[in-house]
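Chain residues, written in single-letter form:
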Amino acid sequence: MKVSLKYYTIQYLIMILLLIIAVWAGLFYAYILDEVHDNVDDGLRDRKIQIIKAVYLNPDLLKNNDFGFNEFKINAINAGEYKNKSRLYNKMYYMEYDDKDQPYRVLEADFIDQYKNHQRLVIRTSTVEEDELIYDLTTALIVLYILLVVSIVAVNGYLLNKAMRPFYMILDKLKRYQFGIPADQEHQDYAIKEFEELNREIDEMIERNELVFYQQKQFIENASHELQTPLAIVINKIDLLIQNENLDEKNLNFLTEVKNDLRRMVGLNKSLLMLSKIENSQFNKTSGVDFNKLVRRLVENYEDFIEFKKVTVDIIEKGVFEADFNQDLADILLSNLLKNAIKYNNEDGTLHIMIENNRITFQNSGSSVPLDKSRIFNRFYKQGSDHTSTGLGLSIIKTIIKQYPGWDISYLFEDQMHYFILVKNNR
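Presented here is an overview of the structure given in this document. (Residues numbered from 1 in each chain as written. Predicted model: local features only at pLDDT ≥ 70, side-chain atom pairs only at ≥ 80, totals over all residues. Heavy atoms only, no water.)

1. Let's talk about the pairing of strand β8 (residues 350-355)
- Only one face of β8 is buried, namely the one carrying Leu351, Ile353 and Ile355, since none of Thr350, His352 and Met354 on the opposite face is buried.
- Of the pairings in the sheet, the one linking strand β6 (residues 312-317) to β8 comprises six bridges and is parallel in character. Of the residues in β8, the one forming a bridge with Thr312 is Thr350.
- Note that β8 and strand β9 (residues 359-364) share five bridges and pair antiparallel. In the strand pairing of β9, Leu351 is matched with Asn364.
- Two successive antiparallel strands, β8 and β9, enclose a turn made up of three residues. (Buried < 20%, exposed > 50% of the residue type's maximum accessible area, 1.4 Å probe, protein only. Helix = DSSP H or I, 4+ residues; strand = E, 2+ residues; numbered from the N terminus. Pairing = 2+ DSSP bridges.)

Here it is, written out as structure tokens:
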């Protein structure tokens, strides 16, 4: 799934922050815990020194063989049990107040009293408060961890959104840009150097594209115009030659073929010019178009052609097909569909034009062989040996449809009938 740059950055920032802060929190927790244990152990070591000193001053303390109020005891040991090094460890002892065992930190230290006897001093201190401290510390770390991550993400999201605002403005300008349509040239100053450079480069690119577009459009229009004139002159001269009574049948047929080829070239020139204009977005003006009314008018206009082909045309209106469309393109679109359905129909064939709210279907008889669905809308594609066709009619239809997102044109062949289905979006 595609995500915006802002959220792409934030999601990786969150993962990195979670890892870094988790490591930091773990190290901090271990450090504080170690400090707490060191503090407790230092207290026990200090008490050991004080108690041993007190024993030398007051030998009665050697009789303190059980833990009492002072939380230490002294027991005699054998010389073989004597150890020079103090030992620290944790141990559970029963606590009368809570009526259950509680954790204690214990220090064991062996010493020789003033009577040269070996004694073992055991000092304990409750670590209940230490555990509560660790619990509170852990809770505080978790809360701090969550708040820190949320705060950093929120602040970073706000800053990213603010920093990326110029980028979205530039992107919006690119989305609205169309060839041949003057864009908003209001100068924008951006505080971020890279965005300022990007905007400047895009403006320069648009200017270059507009210049190339204008030159290309002028060239195509001029070339088309220059071709139309000599072609028309040649056709007229051929017409004059054909009217010459001295021509034999062979030369007459030759001139007729040349005239037909020239007429095809005229049609080809007009079709290519039309394709160029459509692709260059020279038909941008739109208005509400009643396709039902347009279909009826075109059928009337092609009445002579329909009678010549002896095709029966039925218009079946099941709904009202209306859309915001360029009037000229709508006329070209339906004209090409209608001419195609009549021209390639059988003599005494049928043509059903079904109009629905979001669909127009041209159903016509014709060749018993289906057309190639993968190539039918390609330029210059012709299935058959019709030399009068330019192979651009259906390509023009497809090019027009591409100018309107959500629209589509498709072809089907069922029950020896050819279907061309025009579908519009529901917006």
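2. Some thoughts on helix α5 (residues 291-301)
- Phe291, Asn292, Leu294, Val295, Leu298 and Val299 are the residues of α5 that are buried. Relative to the axis of α5, the buried residues are bounded by an arc of 165° and lie together on one face. Along α5, exposed side chains directed more than 90 degrees from the buried face belong to Lys293, Glu300 and Asn301.
- Where α5 starts, the residue carrying a side-chain oxygen 3.1 Å from the main-chain nitrogen of Asn292 turns out to be Asp290. (Arc of directions from axis to C-beta. Polar contact = N/O pair within 3.5 Å; in protein donor to acceptor, adjacent residues only side chain to side chain.)

3. What about a nonpolar patch on the surface?
- Taken together, the side chains of Tyr12, Met15, Ile16 and Ile20 make up a nonpolar region of the molecular surface, amounting to roughly 410 Å² of accessible area.
- For Tyr12, the position within the fold is in helix α1 (residues 5-57). (Patch = residues over 30% accessible without salt bridge, like charges linked within 9 Å, V, L, I, M, F, W, Y side chains within 5 Å. Areas by Shrake-Rupley, 256 points an atom, 1.4 Å probe, with all protein chains shown as cover. Salt bridge = Lys/Arg side-chain N within 4 Å of Asp/Glu carboxyl O.)

4. Here's the deal with the pattern of salt bridges
- A full pass over the atoms with the stated rule returns 10 salt bridges.
- Salt-bridge contacts for Arg105 lead to Asp41; the nearest nitrogen and oxygen are separated by 2.8 Å. On the criterion of sequence distance, the pair formed by Arg105 in strand β3 (residues 100-112) and Asp41 in helix α1 is long-range, its members being 64 residues apart. For the pair Arg105 and Asp41, a shared accessibility class is recorded, and that class is buried.
- Note that Lys310 and Glu347 form a salt bridge whose closest N and O atoms lie 3.6 Å from each other. With Lys310 in the loop between α6 (303-309) and β6 and Glu347 in the loop between α7 (327-343) and β8, this residue pair connects regions lying 37 residues apart in the sequence.
- Here the salt bridges share partners, and the residues they tie into one network are Arg87, Glu108, Asp110 and Arg120.

5. Regarding the nonpolar core
- One finds Phe291 and Phe325 to be the most contacted residues of the largest nonpolar core, which totals 39 residues.
- Mapped onto this core, the elements with two or more residues apiece are α5, β7 (322-325), α7, β8, β9, α8 (393-402), β10 (408-414) and β11 (417-423).
- A total of nine residues in this core trace back to one element, the largest contributor, which is α7.
- Look past the residues within four positions of Phe291 in its chain and what remains in contact with it is Phe321, Ala323, Phe325, Ala330, Leu334, Ile360 and Trp407. (Core = buried A, V, L, I, M, F, W, Y, C linked by side-chain atoms within 4.5 Å. Contact = heavy atoms within 4.5 Å.)

6. Concerning the packing of aromatic side chains
- Evaluation of the coordinates by the stated rule reveals eight aromatic pairs.
- Ring centres 5.4 Å apart and planes at 85° place the aromatic pair Tyr93 and Tyr104 in the edge-to-face group. Note that Tyr93 is positioned in strand β2 (residues 87-95) and Tyr104 in strand β3, a separation of 11 residues in sequence. Like Tyr93, the residue Tyr104 is buried in the burial classification.
- Taken together through their ring pairs, the aromatic side chains of Phe291, Phe321, Phe325 and Trp407 make up a single cluster.
- If you follow Lys424 out to its NZ or CZ, it ends over the ring of Phe321, 4.9 Å from the centre. (Phe/Tyr/Trp six-rings, centres within 6.5 Å; stacked < 30°, edge-to-face > 60°. Lys NZ or Arg CZ within 6 Å of the ring centre and 35° of its normal.)

7. Concerning the sheet that holds β2
- Strand order in this open sheet of four strands is β1-β4-β3-β2, and the pairing throughout is antiparallel. Of all strands in the sheet, those bounded by a partner on one side alone are β1 (72-76) and β2. Each strand of the sheet is rotated relative to its neighbour by a mean of 30°, with strand direction disregarded.
- As defined by bridge partners, β1 adjoins strand β4 (residues 118-126) across five bridges and the pair is classed as antiparallel. When the sheet's bridge partners are listed, Asn75 is paired in β4 with Arg120. (Axes fitted to C-alpha atoms, helices over the stretch in contact; angles between N-to-C directions.)

8. Considerations on the sheet that holds β9
- With mixed pairing, the five strands of this open sheet are ordered in space as β6-β8-β9-β11-β10. With one partner strand each, in any of the chains shown, β6 and β10 form the two edges of the open sheet. If you compare each strand with its neighbour and ignore which way they point, the axes differ by 15° on average.
- Strands β6, β8 and β9 of the sheet are contacted by α5, whose axis makes an angle of about 165° with β6.
- Most of the contacts of α7 go to β9, to which it runs at about 20°, and overall it touches β8, β9, β10 and β11.

9. Examining the environment of Met169
- Looking at the element boundaries, Met169 is found in helix α2 (residues 128-176).
- A residue is classified by how much of its surface remains accessible, and Met169, at 37% relative accessible area, is partly exposed.
- Sequence spacing of Met169 and Asn199 is 30 residues, and the spatial spacing of their C-alpha atoms is 9.5 Å.

10. Observations concerning a negative patch on the surface
- Taken together, the side chains of Glu194, Glu197, Glu201, Glu204 and Glu207 present a region of like negative charge at the surface.
- Its place among the elements puts Glu197 in helix α3 (residues 193-242). (Lys, Arg positive; Asp, Glu negative; His and termini not counted. Charge placed at Lys NZ, Arg CZ, Asp CG, Glu CD.)

11. Things to note about the environment of Ile332
- By the element assignment, Ile332 lies in helix α7.
- Taking the C-alpha atoms as reference points, Ile332 and Ile396, separated by 64 residues in sequence, lie 8.5 Å from one another.

12. Quick word on unusual backbone geometry
- If you check the backbone angles, Lys116 has positive phi at about 65° while not being a glycine.
- For Lys116, the location among the structural elements is in the loop between β3 and β4.
- With a relative accessible area of 67%, Lys116 lands in the exposed category.
- One non-glycine residue, Gln416, lies in positive phi territory at about 60°.
- By the secondary structure assignment, Gln416 is in the loop between β10 and β11.

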